[in-house]
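Structure at a glance
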Amino acid sequence: MNTQFGRYRWLKLPFGIKSAPEMYQRVMDDMLEGIEYAYAIMDDILIAGRDVAHHDAVLREVLDRAQSYNLKLNFGKVKIRKEEVPFVGHLISAHGIKPDPTKVEAMKNMPAPVNKDDVRRFLGSVQYLAKFLPRLAEIEELLRHLTKKDAVFHWDKPQENAFQRIKDLCCTARILAYYDVKKDVKIQCDASKNAVAAVLLQEGKPIAYASQKLRTSELNWSPIEKEMLAIVFSTGKFREFILGKETVAQTDHKPLETIFRKPLLSAPLRLQTMMLKVKGYDLKVEYLPGKKQVIADTLSRASLNVMPPERKEFQVNMLERISVTQDKYQELQQRTANELHDLYAVIQVGWPTTKQQVPHSVKPFWDNRDELAILDGVNATGNDRAGARDSPRNCEIQAESTRSTVLAGHEFSSRSESKGLQYLS
């Protein structure tokens with residue numbers, strides 16, 4: 001420290017230094033290094049044990065280590081041999097983790113908002129309980145709408161009901177199990193029309209919940225793309241738990257299980273991009289009917305209003321990947337809407353479970369349904385060729401980087417085929 005009297009060096013860590021918390025935490029970590037069942041976050045030390053004797057042995061070891069580090073403890077705040085203790089905003093017990101009742105009580109007694117800032121503050125405080133709430137319903141949509149710039153703040157009975165219901169959910173938060181690195185891990189993920197959600201499980205017990213609203217651009221994606229986005233979201237959210245560990249991702253969209261067994265290039269372009277995002281994990285995709293995915297399905301339909309701006313959107317501009325002019329590509333989009341509208345609609349809504357349920361004009365595409373997608377208003381596939389399989393003119397449109405094919409289809413009606421090939425000439 002430079003002063004008018006000379007340069008001095010601090011002998012003790014002063015107040016007001018930004019790096020002070022990190023430096024203190026590092027000292028605490030060094031002090032407890034090598035002592036199992038002892039953890040510290042800043043000035044809070046948590047000691048656990050398999051039984052009373054083991055707990056006392058760990059406690060004595062921590063006290064000896066603290067004495068060697070000349071660390072003074074406030075024994076007036078010490079709690080010994082407790083079955084549950086508050087720690088960093090949570091209540092930890094032998095049964096699992098749950099929210100600290102004092103924190104929940106503060107949220108329960110929170111007064112109704114009187115302006116937009118109060119609404120934002122309330123919705124932000126709910127995030128503390130996010131991992132405990134498998135049913136934070138879309139009732140918060142009413143409150144979220146109030147935070148928009150062009151919305152006029154208006155608090156009436158519907159908003160008050162939504163506010164009270166959210167507080168009730170917080171008061172009934174579930175207990176989460178402890179994560180065990182030695183146990184198998186499963187992720188149940190699901191997507192609804194406006195959200196994605198996931199739950200991390202070990203031995204059927206929830207470790208953490210997560211949910212997120214879809215962006216405006218993602219709302220029009222096909223069901224298979226939304227389900228794949230749910231897998232990408234869940235792996236990113238639970239990265240610390242699954243990285244380097246064999247993980248089963250359960251989805252209620254059976255085509256995804258098939259696509260993950262095929263070569264990457266057989267998938268539509270947007271799915272390829274998302275599949276590459278999860279290649280760094282030891283991931284096995286497994287089909288689980290929606291009726292058995294109660295938790296993830298509920299979360300996706302009643303999700304948190306979380307839309308992190310840093311997430312990269314999986315947008316695909318086909319015009320940048322194929323050698324056609326803007327005018328001809330727009331013509332192709334128009335003809336797709338006019339002549340392949342049945343196929344377009346089935347892809348957008350989702351394929352049914354049996355071939356008999358699809359329109360007659362779409363049945364020729366049934367065998368390749370897992371590879372079809374909608375990109376920029378055009379039906380596209382991950383295969384190499386476009387047009388009819390037996391076309392007299394072997395015309396291809398190949399994406400330079402992904403080999404994604406426009407006009408998706410091994411078989412077209414003669415009318416669509418002739419017009420499509422005429423366009424490509």
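In this text, all values refer to a predicted model and were calculated from it rather than measured experimentally.

So, about the overall build of the chain. Tallying secondary structure elements over the chain gives 14 helices and 15 strands in all. Residues classed as buried in the chain amount to 44% of the 425 residues present. For the chain, long-range pairs separated by at least 24 residues make up 66% of all intrachain contacts whose partners lie at least 6 apart in sequence. Carbon and sulfur atoms make up 51% of the accessible area of the chain, which amounts to about 24500 Å² in all.

This paragraph deals with helix α6 (residues 157-171). For the α-helix, the turn length of 3.6 residues means that residues three or four positions removed from each other point alike. Helix length check: α6 (15 residues) gives 21 Å between terminal C-alpha atoms against 21 Å at 1.5 Å per residue, within 8%. Against the buried residues of α6 lie α3 (101-108), α4 (116-126) and α5 (140-146).

This paragraph deals with the nonpolar core. Formed by 33 residues in total, the largest nonpolar core has its most connected members in L200, M228, I231, F238, L271, M274 and V278. Mapped by element, the contributors of at least two residues to this core are β8 (185-191), β9 (195-202), β10 (205-213), α7 (223-237), α9 (254-259), α10 (269-277) and β12 (283-287). With 7 residues, the top contributor of residues to this core is α7. In this view, F238 contacts I187, A198, V199, L200, A208, Y209 and A210; residues no more than four positions away in its chain are not counted. With 18 residues, the next largest nonpolar core counts L123, L143, L146 and A162 among its residues.

Our next topic: the confidence of the model for the chain. This prediction gives the chain a mean pLDDT of 76; 76% of its residues lie at or above 70. pLDDT under 50 marks residues 383-425. Its contacts with residues more than four places away, or in other chains, come to 97 contacts.

Sheet strands associate in pairs through backbone hydrogen bonding, adopting either a parallel or an antiparallel arrangement. Read from one edge of the open sheet, 3 strands run β5-β6-β7, paired in antiparallel fashion. Of all strands in the sheet, those with a lone pairing partner are β5 (84-87) and β7 (96-99), marking the two edges. Sheet twist, expressed as the mean angle between neighbouring strand axes with direction ignored, is 30 degrees. As judged from the 4 bridges shared by strand β6 (residues 90-93) and β7, these two strands associate in the antiparallel manner. Note that in β7 the partner of H90 across the bridge is P99.

What follows deals with the pattern of salt bridges. One pass over the full model with this rule turns up 7 salt bridges. For E203, the salt bridge identified is with K183, shortest N-O distance 3.3 Å. Taken as a pair, E203 in the loop between β9 and β10 and K183 in the loop between α6 and β8 lie far apart in primary sequence, 20 residues in all. Take E203: its relative accessible area is 60%, and that puts it in the exposed class. The class for K183 is partly exposed, based on a relative accessible area of 31%.

In total, this model carries 5 aromatic pairs according to the counting rule given. Between W155 and F163 the ring centres are 5.8 Å apart and the planes differ by 75 degrees, which places this aromatic pair in the edge-to-face class. By relative accessible area, which is 21% here, W155 ends up partly exposed. The rings of F122, F153, W155 and F163 are connected pair by pair, giving a single aromatic cluster.

Overall, mixed pairing links the 5 strands, which are arranged β10-β9-β8-β11-β12 in an open sheet. The strands lining the two open edges of the sheet, one partner per strand, are β10 and β12. Ignoring which end each strand starts from, the neighbouring axes of this sheet average 20 degrees apart. Relative to β12, strand β11 (residues 247-251) is paired through 5 bridges, and the arrangement is parallel. Bridge pairing links T251 to Y287 in β12.

Along the polypeptide, E246 turns up in the loop between α8 (239-242) and β11. The class of E246 is exposed, set by a relative accessible area of 57%. A sequence separation of 61 residues divides E246 from V185, and the C-alpha atoms of the two residues are 7.4 Å apart. Once residues lying within four places of it in the same chain are set aside, the contact partners of E246 are V185 and D282.

This part covers the packing of α3 against α6. Axis separation between α3 and α6 bottoms out at 9 Å; the angle between their running directions is 170 degrees. Comparing their axes, α6 and α3 come out roughly antiparallel. Residues V104, M107 and K108 of α3 form the contact with α6, whose own contacting residues are K167, C170 and C171. Looking at the contact of α3 with α6 residue by residue, the class counts come to 4 nonpolar, no polar and 2 charged.

With that out of the way, let us pick up the packing of α7 against α10. Contact geometry of α7 with α10 gives a least axis separation of 9 Å together with a crossing angle of 15 degrees. One way to sum up the angle between α7 and α10 is to call them roughly parallel. As α7 packs across α10, the resulting crossing turns out to be left-handed. Listed contacts from α10 to I224, E225, M228, L229 and V232 of α7 are R270, L271, M274, M275 and K277.

A few words now on α4. Among all positions of α4, only K116, D118, V119, F122, L123, S125 and V126 are buried. On its buried face, α4 is in contact with α3, α5 and α6. The N-cap of α4, judged by a side-chain oxygen 3.2 Å from the amide nitrogen of D117 a few residues on, is N115.

This next bit is on unusual backbone geometry. You will see that N70, though not glycine, has its phi angle at about 60 degrees, which is positive. Mapped onto the fold, N70 is located in the loop between α2 (52-68) and β5. Given the relative accessible area of 62%, N70 is considered exposed. You will see that R81, though not glycine, has its phi angle at about 55 degrees, which is positive. Tracing the backbone shows R81 in the loop between α2 and β5.

The rules behind each value
- Residues numbered from 1 in each chain as written.
- Predicted model: local features only at pLDDT ≥ 70, side-chain atom pairs only at ≥ 80, totals over all residues.
- Heavy atoms only, no water.
- Helix = DSSP H or I, 4+ residues; strand = E, 2+ residues; numbered from the N terminus.
- Buried < 20%, exposed > 50% of the residue type's maximum accessible area, 1.4 Å probe, protein only.
- Contact = heavy atoms within 4.5 Å.
- Areas by Shrake-Rupley, 256 points an atom, 1.4 Å probe, with all protein chains shown as cover.
- Expected span 1.5 Å × (residues − 1).
- Core = buried A, V, L, I, M, F, W, Y, C linked by side-chain atoms within 4.5 Å.
- pLDDT = per-residue confidence, 0-100.
- Pairing = 2+ DSSP bridges.
- Axes fitted to C-alpha atoms, helices over the stretch in contact; angles between N-to-C directions.
- Salt bridge = Lys/Arg side-chain N within 4 Å of Asp/Glu carboxyl O.
- Phe/Tyr/Trp six-rings, centres within 6.5 Å; stacked < 30°, edge-to-face > 60°.
- Parallel < 35°, antiparallel > 145°, perpendicular 65-115°, else oblique.
- Nonpolar A, V, L, I, M, F, W, Y, C, P; charged D, E, K, R; others polar.
- Left-handed = near helix turned anticlockwise from the far one by under 90°.
- Polar contact = N/O pair within 3.5 Å; in protein donor to acceptor, adjacent residues only side chain to side chain.

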